[in-house]
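Secondary and tertiary structure notes
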Amino acid sequence: MEFRDLKQQYAHMNGEINEAVLKVMAEGGFISGWEVRDLEKKLAEYVGAKYCVTCANGTDALLLALKVWEIGPGDAVFVPDFTFFSTGEAVAAVGAVPVFVDVERDTFNLSPEALEKSIEIVLAKGKLRPRAVIPVDLFGHPADYGAIKRIVEQYGLLILEDGAQGFGGMFKGKRSCSFGHISTTSFFPAKPLGCYGDGGAIFTDREDWNNLLRSLCIHGKGEDKYDNVRIGMNSRLDTMQAAILAVKLRAFTDYELDAVNLAAEEYGRRLKGIVCIPLVKKECVSSWAQYTIILDSEKERDGLCLYLKEKEIPSFVYYRKEMHAQKAFQDKCVITDCPNSSYLVKRVLSLPIHPYMKQHEIEQVCHYIGEYKSGQR
Ligand SMILES: *Cc1c(COP(=O)(O)O)cnc(C)c1O
């Protein structure tokens with residue numbers, strides 16, 4: 001069994017993908033080909049944003065957004081304590097200070113209550129200027145944008161939505177990657193919408209920020225790439241990846257997002273009452289970047305992971321360490337009280353999930369989890 005079966009996905013659409021790749025090779029427009037602009041239009045339309053700028057990966061996407069806002073030394077940016085490293089890395093990389101904020105136990109996402117407390121703590125200390133919040137749509141479930149928007153407006157901060165795992169998800173009828181003043185996503189192969197290498201995208205409704213992003217991702221270009229008006233980066237999505245993504249976006253919207261939600265429902269039916277299953281809030285749709293259960297203890301979690309491995313079922317711990325416990329951030333971050341994040345790193349386990357997962361595979365995973373929990377191993 002595969003954790004995320006990209007081979008099976010390719011088998012479903014290899015004709016179209018091969019054709020798309022061969023076409024790019026024949027045309028020779030490997031960088032900034034028409035396929036890239038075409039994809040940006042489709043992505044913007046799908047998420048409901050005015051503008052989309054593609055770039056080299058999801059980490060660059062976050063960096064570019066922070067650069068647009070000129071966030072740097074002396075600035076505080078609020079980041080969930082339970083997320084992938086990039087979310088905090090981008091903040092530290094521009095010289096600003098990540099303030100790690102606790103998450104909710106049931107959705108794994110930034111806790112609005114903890115966010116407000118953290119902002120007050122930073123203001124009271126008076127050393128850093130609060131500038132932005134980076135809510136993450138962790139494991140595919142949108143953050144609580146209703147509450148987060150109210151707080152952000154009260155304190156005059158910006159929202160940078162990290163939708164690297166959230167593409168396709170919904171909150172109150174709107175798609176993920178449309179909730180930030182700027183929003184980002186990643187096309188790393190294992191993300192809900194993945195390409196065949198690295199890739200990323202940035203979304204905004206503001207024309208001036210769109211223009212700045214287009215300049216920043218091509219060496220701070222002015223009139224053209226040999227007229228350089230600011231210090232930028234070299235961060236573009238290859239034409240080949242854009243052509244692949246156009247095919248995969250169609251499959252994603254036509255059936256993959258529905259199929260992965262059916263798989264999650266099947267898990268839910270079978271695991272309910274046996275282990276703590278992930279919550280989907282009633283105003284939300286998840287895109288299921290991960291299906292993550294919560295066990296009673298670290299010992300039980302690690303034991304189950306091993307037990308499944310013996311049965312040739314892959315499972316992974318996302319994430320084993322709080323952000324504030326990462327060595328790279330020691331003396332570079334502000335740590336606030338994060339009891340839920342510390343609770344989760346010891347107890348979470350992510351199970352295989354993808355749109356091509358078969359009913360009997362889910363049954364098998366759940367069977368062994370039941371066996372383990374009831375002590376019949
Ligand atoms: C994957 C991921 C990123 C970074 O994306 P890359 O394309 O790998 O650079 C950022 N944030 C989160 C939450 C992610 O899961």
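The notes below deal with the structure included here. (Residues numbered from 1 in each chain as written. Predicted model: local features only at pLDDT ≥ 70, side-chain atom pairs only at ≥ 80, totals over all residues. Heavy atoms only, no water.)

1. Some thoughts on the overall build of the protein
When its secondary structure is counted, the protein shows 11 helices and 13 strands. For 377 residues, the compact-globule estimate of 2.2 N^0.38 gives 21 Å, and the protein sits close to it at 21 Å. Going through the 377 residues of the protein one by one, you find that 58% of them count as buried. Nonlocal contacts in the protein, meaning residues at least 24 apart in sequence, comprise 71% of its contacts between residues at least 6 apart. (Helix = DSSP H or I, 4+ residues; strand = E, 2+ residues; numbered from the N terminus. Rg over C-alpha atoms; globule rule 2.2 N^0.38 Å. Buried < 20%, exposed > 50% of the residue type's maximum accessible area, 1.4 Å probe, protein only. Contact = heavy atoms within 4.5 Å.)

2. Remarks on the sheet that holds strand β2 (residues 75-80)
Taken in spatial order, the eight strands make up an open sheet running β1-β9-β8-β5-β4-β2-β3-β12, and their pairing is mixed. Both edges of this open sheet fall to β1 (51-55) and β12 (334-335), since each of them pairs with a single strand only. (Pairing = 2+ DSSP bridges.)

3. Comments concerning empty space enclosed by the protein
Under the counting rule described, the total for this entry stands at four cavities of 30 Å³ or more. Quantified by volume, the largest cavity comes out at close to 90 Å³. Around the largest cavity sit 13 residues that line it, and Arg4, Leu6, Gln9, Pro192 and Pro355 are the ones nearest its centre. Residue assignment for the lining of the largest cavity shows that the elements contributing at least two residues are α1 (6-27) and α8 (239-271). The computed volume of the second largest cavity comes to approximately 80 Å³. Grouping the amino acids of the lining of the second largest cavity by side-chain chemistry returns seven nonpolar, five polar and one charged. (1 Å grid on protein atoms, 1.4 Å probe; cavity = no way out; pocket = protein on both sides within 12 Å on 5 of 7 lines; lining within 4 Å. Points joined across faces, edges and corners; volume = space filled by probe spheres on them. Nonpolar A, V, L, I, M, F, W, Y, C, P; charged D, E, K, R; others polar.)

4. A few points about the layout of surface pockets
Empty space within the largest pocket amounts to approximately 510 Å³. Surrounding the largest pocket, 26 residues form its lining, Phe84, Gln165, Ser186, Phe188 and Lys191 being those nearest its centre. For the lining of the largest pocket, the secondary structure elements donating two or more residues are α3 (58-68) and α4 (86-93). For the lining of the largest pocket, the element with the most residues is α3, which contributes three residues. Its residues assigned to classes, the lining of the largest pocket shows 13 nonpolar, nine polar and four charged.

5. Quick look at the site of the ligand
Close to the ligand lie 14 residues, the nearest being Gly58, Thr59, Asp162, Ser186 and Lys191. A distance of 2.5 Å separates an oxygen atom of the ligand from a polar side-chain atom of Thr59. The side chain of Ser186 places a nitrogen or oxygen atom 2.7 Å from an oxygen atom of the ligand. Judged by its atoms lying within 2 Å of the grid points, the ligand is housed in the largest pocket. Elements supplying a minimum of two residues to the shell around the ligand: α3 and α4. For the shell around the ligand, a count of residues per class yields three nonpolar, nine polar and two charged. (Near = heavy atom within 4 Å. Polar contact = N/O pair within 3.5 Å; in protein donor to acceptor, adjacent residues only side chain to side chain. Sits in = over half its atoms within 2 Å of the grid points.)

6. Side note on the packing of α1 against α8
Packing of α1 against α8 brings their axes to within 9 Å, and their N-to-C directions diverge by 150°. Here α8 runs roughly antiparallel to α1, going by the angle between their axes. Every pair of crossing elements has a handedness; the one defined by α1 and α8 is right-handed. From α1, Gln9, His12, Met13, Glu16, Ile17, Ala20, Val21, Val24 and Met25 reach across to α8, where they touch Thr239, Met240, Ala243, Ile244, Val247, Lys248, Arg250, Ala251, Tyr255 and Glu256. When grouped by side-chain class, the residues that make up the contact of α1 with α8 number 12 nonpolar, three polar and four charged. (Axes fitted to C-alpha atoms, helices over the stretch in contact; angles between N-to-C directions. Parallel < 35°, antiparallel > 145°, perpendicular 65-115°, else oblique. Left-handed = near helix turned anticlockwise from the far one by under 90°.)

7. Examining helix α11 (residues 359-373)
The terminal C-alpha atoms of α11, which comprises 15 residues, lie 21 Å apart, in line with the 21 Å expected from a rise of 1.5 Å per residue. All of the buried residues along α11 are Glu361, Ile362, Val365, Cys366, Tyr368, Ile369, Gly370, Glu371 and Tyr372. For α11, the secondary structure elements touched by its buried residues are α8, β11 (291-294), α9 (298-310) and β13 (348-351). Where α11 terminates, the next one or two residues include Gly375, which has phi positive at roughly 75°. (Expected span 1.5 Å × (residues − 1).)

8. A look at the pairing of β11
Because side chains alternate across β11, one face comprises the buried residues Tyr291 and Ile293, and the other comprises Thr292 and Ile294, equally buried. With four bridges joining them, β11 and β13 adopt antiparallel strand pairing. In the sheet register, Ile294 faces β13, and the bridge partner there is Val348.

9. Looking at the pattern of salt bridges
Side-chain pairs of opposite charge can arise whenever the charged atoms involved come near each other. What the rule picks out here adds up to 19 salt bridges. In this structure, Arg269 and Glu266 form a salt bridge, with 2.9 Å as the shortest nitrogen-oxygen distance. Of this pair, Arg269 and Glu266 both sit in helix α8, three residues apart, roughly one helical turn. Of the residues examined, Arg269 reaches a relative accessible area of 58% and is grouped as exposed. Linking Glu266 and Arg270 is a salt bridge whose minimum nitrogen-to-oxygen distance equals 2.6 Å. Pair noted here: Glu266 and Arg270 are both in helix α8, with a separation of four residues, about one helical turn. Take Glu266: its relative accessible area is 7%, and that puts it in the buried class. (Salt bridge = Lys/Arg side-chain N within 4 Å of Asp/Glu carboxyl O.)

10. A short note on the packing of aromatic side chains
In the structure shown here, the tally under the stated rule is 25 aromatic pairs. Look at Phe108 and Phe139: their rings are 5.1 Å apart centre to centre, the planes differ by 70°, and that puts the pair in the edge-to-face class. Of this pair, Phe108 sits in the loop between β3 (97-101) and α5 (112-125) while Phe139 sits in the loop between β4 (129-133) and α6 (145-155), and the two are 31 residues apart along the sequence. Taken individually, Phe108 and Phe139 each receive the classification buried, so the pair is uniform in this respect. Summarising the aromatic geometry, the rings of Phe167 and Phe252 are spaced 5.6 Å apart at their centres and angled 50° between planes, so their arrangement reads as tilted. In this pair, Phe167 is assigned in the loop between β5 (158-162) and β6 (170-171) and Phe252 in helix α8, connecting sequence segments 85 residues apart. According to the relative accessible area criterion, Phe252 is buried, its value standing at 3%. Chaining the aromatic ring pairs together yields one cluster made of Phe3, Phe82, Phe84, Phe108, Phe139, Phe316, Tyr318 and Tyr319. Note that Arg206 overlies the ring of Trp209, its terminal NZ or CZ placed 3.9 Å from the centroid. Cation over ring: Arg347 sits above Tyr343, and NZ or CZ is 3.9 Å from the ring centre. (Phe/Tyr/Trp six-rings, centres within 6.5 Å; stacked < 30°, edge-to-face > 60°. Lys NZ or Arg CZ within 6 Å of the ring centre and 35° of its normal.)

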